[in-house]
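# Summary of the model geometry
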Amino acid sequence: LRIESELRQALSNNELMLYYQPKVSLRSGRIVGAEALLRWRHPVRGLVSPGVFIPVAEETGLILDLGSWVLEEACRQVREWKDANLIMPPIAVNLSARQFDNQLPKRIAAVLERHGVQPDQINLEITESLLVRGTDNVIAIMNELVAMGMALALDDFGTGYSSLAYLKKFPISTLKIDRSFVIGLPYEENDCAIARAIVTMAQQLRQEIVAEGVETAEQMSFLRELGCDQLQGYLFSQPIPAADFAGMLREGK
Ligand code: G
Ligand code: G
Ligand code: MN
Ligand code: NA
């Protein structure tokens with residue numbers, strides 16, 4: 001309860017910020033995207049992890065306001081970077097299942113327009129729980145977003161309950177292999193088998209594959225050999241403040 005009311009205040013007091021974690025092409029080694037991740041700078045507690053406050057926000061419904069703030073802030077930031085002549089890869093924003101209602105495409109379109117940001121400049125990351133809810137309604141909303149020119153990525157893939165057969169029903173262009181399967185590469189046989197199966201399947205479905213939580217050069221080589229497209233993880237960079245990410249882009253990494 002305490003977190004809930006403090007979180008409400010955080011929204012109005014500008015205590016929230018977005019960090020950016022680069023996504024790197026395994027082919028070129030260049031930054032080809034980034035994921036925006038919420039951070040809360042609490043005046044007393046310091047930096048509070050989203051692992052703590054996102055679940056509370058989901059339970060209380062506050063995630064709707066948080067989610068709107070995230071979209072707004074990501075678009076504002078992209079606009080600022082573009083005005084500074086930075087060449088921007090797409091920025092991915094996490095969407096909670098609760099944000100997925102009929103009005104979502106219209107709301108997103110309005111934010112994009114307000115900041116003069118093109119739809120392909122913002123990607124959306126969703127989780128499997130949304131697919132499991134799997135109604136025609138969800139598919140219709142996704143199709144609307146794709147028709148607007150947005151790309152959808154499936155986050156934490158492999159940790160939920162969606163069957164592989166589900167995947168082709170949804171207009172998803174990117175799969176993100178959950179970091180729990182990346183940790184054991186290339187030494188854990190089971191993780192290797194799972195990673196290989198996910199990459200093979202995604203290739204058949206013509207989806208891009210991003211590996212999350214890549215921390216070692218060995219994991220990277222294994223993923224490259226599998227044919228994985230992009231990596232995201234501490235090996236390349238932690239999530240970092242906007243100014244640091246802009247600096248990285250300027251250095252042409
Ligand atoms: O950045 P970190 O790894 O600490 O994030 C922890 C969790 O919080 C992750 O599961 C991540 O997806 C989630 N998260 C971070 N930012 C957002 C956001 O803007 N919206 C939603 N819905 N979840 C987020
Ligand atoms: O659930 P989601 O995938 O959106 O969450 C991403 C989370 O993973 C963020 O909290 C981010 O800080 C964390 N993360 C990103 N890269 C790594 C990594 O290489 N190792 C570990 N342990 N966590 C990571
Ligand atoms: Mn994510
Ligand atoms: Na993830």
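Counting of residues starts from 1 at the beginning of each chain's written sequence and follows it residue by residue. Lettering of chains starts at A and numbering of ligands starts at 1, both following the order in which they are written. In keeping with the predicted nature of the model, local features appear solely for residues at pLDDT of at least 70, side-chain atom pairs appear and are counted solely at 80 or more, and the whole-chain, interface and lining totals rest on all residues. For side-chain calculations, the full set of non-hydrogen atoms in the structure is used, while hydrogens and water are omitted.

As recorded by an unreviewed UniProt entry, the protein chain carries the name EAL domain-containing protein and is attributed to Rugamonas aquatica.

Each residue is placed in one exposure class: buried if its accessible area under a 1.4 Å probe, protein chains only, is under 20% of its type's maximum, exposed if it is over 50%, and partly exposed if it falls in between. In DSSP terms, a helix is any run of H or I states spanning at least four residues, a strand is any run of E spanning at least two, and both are numbered starting from the N terminus. The buried fraction of strand E8 (residues 208-212) amounts to 4 of the 5 residues, a majority that puts the element mostly inside the structure. At least two bridges found by DSSP between two strands are what make those strands a pair. In this sheet, E8 lies alongside strand E7 (residues 174-177) in parallel orientation, the contact comprising 4 bridges. Paired with isoleucine 177 across the bridge in E8 is alanine 211. Two strands pair when backbone bridges link them, and E8 and strand E9 (residues 230-232) are joined in this way by 3 bridges, in the parallel orientation. Bridged to valine 210 within E9 is glutamine 230. When the strands point away from the viewer, a crossover counts as right-handed if the path from the first strand over the helix to the second runs clockwise. For the handedness criterion, the β-α-β arrangement of E8, helix H10 (residues 217-226) and E9 is classed as right-handed.

Right, let's get into the coordination of the manganese ion (ligand 3). Only N, O and S atoms count as donors, using a 2.8 Å limit from the metal and a wider 3.2 Å limit for Na, K and Ca, and since water is excluded some coordination spheres may look unfilled. For the manganese ion (ligand 3), every protein donor is listed as Glu35 (OE), Asn94 (OD1), Glu125 (OE) and Asp155 (OD), and the spread of their distances is 2.1 to 2.5 Å. Look at where the donors of the manganese ion (ligand 3) fall in the sequence and you get E-x58-N-x30-E-x29-D. Given a relative accessible area of 5%, glutamate 35 falls into the buried group. A residue is classified by how much of its surface remains accessible, and asparagine 94, at 27% relative accessible area, is partly exposed.

All right, on to the packing of aromatic side chains then. Stacked, tilted and edge-to-face pairs are distinguished by plane angle, under 30 degrees for stacked and over 60 for edge-to-face with tilted covering the rest, among Phe, Tyr and Trp rings (Trp via its six-membered ring) whose centres lie within 6.5 Å. The final tally for this structure, using the stated rule, is 4 aromatic pairs. Ring centres 5.1 Å apart and planes at 65° place the aromatic pair tyrosine 20 and tryptophan 81 in the edge-to-face group. Of the two residues, tyrosine 20 is situated in strand E1 (residues 16-25) and tryptophan 81 in helix H3 (residues 63-83); the sequence distance between them amounts to 61 residues. The buried category is assigned to tyrosine 20, whose relative accessible area is 1%. Aromatic side chains tyrosine 20 and phenylalanine 245 sit 6.0 Å apart centroid to centroid with 15° between the ring planes, which places their arrangement in the stacked category. With tyrosine 20 in strand E1 and phenylalanine 245 in helix H11 (residues 242-250), this pair connects stretches of sequence that are 225 residues apart. Taken together, the ring pairs connect Tyr20, Trp81 and Phe245 into an aromatic cluster.

This brings us to the coordination of the sodium ion (ligand 4). Here the sodium ion (ligand 4) is held by Asp155 (OD), Asp156 (OD), Glu212 (OE) and Glu212 (OE), and the distances to it run 2.0 to 3.0 Å. Angles of 46 to 161° at the metal separate the 6 donor atoms of the sodium ion (ligand 4), which places the site in the irregular class. The sequence motif formed by the donor residues of the sodium ion (ligand 4) is D-D-x55-E. Aspartate 155 sits in the buried class, given a relative accessible area of 6%. A relative accessible area of 26% places aspartate 156 in the partly exposed class. Site shape is set this way: if four donors have all angles between 85 and 135 degrees, tetrahedral; if opposite donors are over 155 degrees apart and all others between 65 and 115, square planar for four donors and octahedral for six; otherwise irregular.

As a further point, take the nonpolar core. Definition of nonpolar core: a set of buried residues of the types Ala, Val, Leu, Ile, Met, Phe, Trp, Tyr and Cys, connected through side-chain atoms within 4.5 Å. Formed by 80 residues in total, the largest nonpolar core has its most connected members in Ile91, Phe100, Ile122 and Phe245. The dominant element in this core, judged by the number of residues it contributes, is H3, at 9 residues. Any two residues having at least one pair of non-hydrogen atoms within 4.5 Å are treated as being in contact. When neighbours within four sequence positions are excluded, isoleucine 122 is seen to be in contact with Ala74, Cys75, Val78, Ile91, Val93, Leu112, Val117 and Met150.

Time to look at unusual backbone geometry. A cis geometry characterises the amide bond from leucine 185 onward to proline 186, with omega recorded as -5°. Topologically, proline 186 is positioned in the loop between helix H8 (179-182) and helix H9 (189-204). With phi around 60°, asparagine 14 is a residue other than glycine that occupies positive phi space. In this structure, asparagine 14 sits in the loop between helix H1 (2-12) and E1. Residue classification places asparagine 14 among the exposed positions, given a relative accessible area of 65%.

Right, let's get into the layout of surface pockets. Here a cavity denotes a set of grid points, spaced 1 Å apart and computed over the protein atoms alone, in which a 1.4 Å probe fits but from which it cannot get out, and a pocket denotes an open set meeting protein on both sides within 12 Å along at least five of seven lines; residues with an atom within 4 Å of a point are reported as lining. Grid points are joined across faces, edges and corners, and a volume is the space filled by probe spheres set on the points. Volume-wise, the largest pocket comes out at about 1000 Å³. If you go around the largest pocket, you meet 39 residues; those closest to its centre are Glu35, Leu37, Pro50, Asn94 and Asp155. Put simply, Ala, Val, Leu, Ile, Met, Phe, Trp, Tyr, Cys and Pro go in the nonpolar bin, Asp, Glu, Lys and Arg in the charged bin, and everything else, Gly too, in the polar bin. Residues belonging to the lining of the largest pocket are distributed by class as follows: 16 nonpolar, 12 polar and 11 charged. Quantified by volume, the second largest pocket comes out at close to 200 Å³. Elements represented by at least two residues in the lining of the second largest pocket include exactly strand E2 (31-42), strand E4 (91-94), strand E5 (122-127), strand E6 (151-157) and E8. Considering only residue class, the lining of the second largest pocket consists of 9 nonpolar, 5 polar and 3 charged.

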